[in-house]
Amino acid sequence: MTTATAGCKAQPADSASAAPSSPPRATATDDAKPPAAQSPSPDAPSSSPKATATPTPKPDPQGTTLMASGSEGKQVRELQARLRQIGHFDRSPTGYYGTVTVAAVQSFQGKRGLSRTGRTDTVTWQKLLGMTHAPTAAELNPPTTRPVTKPDKRCMTGRVLCISKNSRTLSWMIDGRVVSSMDVRFGSQHTPTREGTFSVYWKSRHHVSTIYHTAMPYAMFFSGGQAVHYSADFAARGYSGASHGCVNVRDEGKIASLFAQVRTGDKVVVYG
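How each quantity is defined
- Every chain is numbered independently, its residues counted from 1 as its sequence is written.
- It should be noted that, the model being predicted, local features are given only for residues of pLDDT at least 70 and side-chain atom pairs only at 80 or more, the latter also being counted only at that level, while totals for whole chains, interfaces and linings use all residues.
- Based on all heavy atoms of the structure, the side-chain values leave hydrogens and waters out of the count.
- Labels follow the DSSP assignment, with helices taken as runs of H or I lasting at least four residues and strands as runs of E lasting at least two, numbered in each case from the N terminus.
- With a 1.4 Å probe rolled over the protein chains alone, any residue whose accessible area is under 20% of its type maximum counts as buried; one over 50% counts as exposed, and the rest are partly exposed.
- Two residues qualify as a contact provided that any one of their heavy atoms is within 4.5 Å of a heavy atom in the partner residue.
- For the area figures, the Shrake-Rupley method with a 1.4 Å probe applies, and any residue is considered shielded solely by the protein chains shown.
- The set of buried Ala, Val, Leu, Ile, Met, Phe, Trp, Tyr and Cys residues whose side-chain atoms join them within 4.5 Å is what this entry labels a nonpolar core.
- Aromatic contacts are taken between Phe, Tyr and Trp rings whose centres are within 6.5 Å, Trp giving its six-membered ring; a plane angle under 30 degrees counts as stacked, one over 60 as edge-to-face, and the others as tilted.
- Two conditions define a charge sitting above a ring: the NZ of Lys or the CZ of Arg must be within 6 Å of the ring centre, and it must be within 35 degrees of the ring normal.
- One bridge is not enough; two strands pair if DSSP finds at least two bridges between them.
- Between N-to-C directions, angles cover 0 to 180 degrees, with each direction set by a line fitted to C-alpha atoms, over the stretch in contact for helices.

Caption draft 1: A look at the overall build of the chain. Scanning the chain from terminus to terminus reveals six helices and 13 strands. Considering the chain as a whole, with its 272 residues, one finds that 40% of them fall into the buried category. Excluding contacts between residues fewer than 6 apart, the proportion of contacts in the chain whose partners are at least 24 apart in sequence is 62%. Working note: accessible area of the chain is about 14300 Å², and carbon and sulfur atoms make up 54% of it.

Caption draft 2: Highlighting the nonpolar core. The biggest cluster of nonpolar side chains holds 22 residues, and the ones touching the most others in it are Leu161, Ile163, Leu170, Met220, Val228, Leu258 and Val268. At the level of elements, strand S4 (159-164), strand S5 (169-174), strand S6 (177-185), strand S9 (215-223), strand S10 (226-230), strand S12 (247-249), helix H6 (252-261) and strand S13 (267-271) are the ones that each hand at least two residues to this core. Once you skip the residues sitting within four places of it in the chain, Leu161 turns out to touch Leu170, Ser171, Trp172, Val200, Val228, Leu258, Val262, Lys267, Val268 and Val269. If you look at the next biggest cluster of nonpolar residues, it comprises 13 residues, including Val76, Val100, Trp125 and Leu128.

Caption draft 3: Representation of the packing of aromatic side chains. Enumeration according to the criterion identifies five aromatic pairs in this entry. Ring centres of Tyr218 and Phe259 lie 5.7 Å apart, and the angle between their planes is 70°; this geometry places the pair in the edge-to-face category. Here the residue Tyr218 occupies a position in strand S9, and Phe259 occupies one in helix H6, the gap between them amounting to 41 residues. Judged on exposure class, the residue Tyr218 and its partner Phe259 are both buried. Members of the aromatic cluster, each reached through a chain of ring pairs, are Tyr201, Trp202 and Phe221. It is Lys203 that lies over the ring of Phe259; its NZ or CZ is 4.4 Å from the centre.

Caption draft 4: Representation of the sheet that holds S10. The strand order across the open sheet built from nine strands is S7-S13-S4-S5-S6-S12-S10-S9-S8, with neighbouring strands paired in mixed fashion. Looking at strand neighbours, the two that pair on one side only are strand S7 (196-199) and strand S8 (202-208), the edges of this open sheet. Neighbour-to-neighbour, the strand axes of this sheet turn through a mean angle of 30°, independent of strand direction. Bridge analysis of S4 against S5 gives six bridges, and the strand direction is antiparallel. Paired with Leu161 across the two strands is Trp172, which belongs to S5.

Below you can see the structure in the form of structure tokens.
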């Protein structure tokens, strides 16, 4: 079957072109890893500071630092889940100690009369442990980065791909029950993803865009060339990029399972 597949090549967010963008910087809205620092030019002049006596560091009154900006792993994920339990971390755990985590730890420390260092030291950690419970598996690894909003009323009957632009999530629903949810991103302001009620008219497991010649695995077309599909660019760059109108999914395992369940003719609802 032949169909137009325009609008699905990854592009920088809010950009009309597909020109490569500079690496995203970590901001107060995410905990993305910052880009690696570039090494100085070998021809750049350097100065040799005079040797000075190194003062003996004073003991940290808040104990030994356990985690700080740049840390990653299971303990960071637990830290974020515990902070979320008491309202200091407003999103799902990522396992990476970025700017959002620093701000959350500072908030917690300030409320407890501790120095607002943003680092998780032994005193901060012990106070947090005493105020929270051990996170459950669902708290440590929620299905989506951001909470899933209440489904649109059009999603409450039948088999539906219920897609919210506000929460940036897709929920696969059957007769009002959420079967699975996943993170998604959309087109930029210049190539927006259409809103409305549609239906899946074609599935293409190994699809490649005929216009941009880019891979669109697990594509489920619902409106012209716009489709729900896996995006390796989304998986790598997160929300710093955008599509040319398609609904990008970043978890390949989840969309592979979704692709196997969705049938041609199933409803698609895209709403703000």
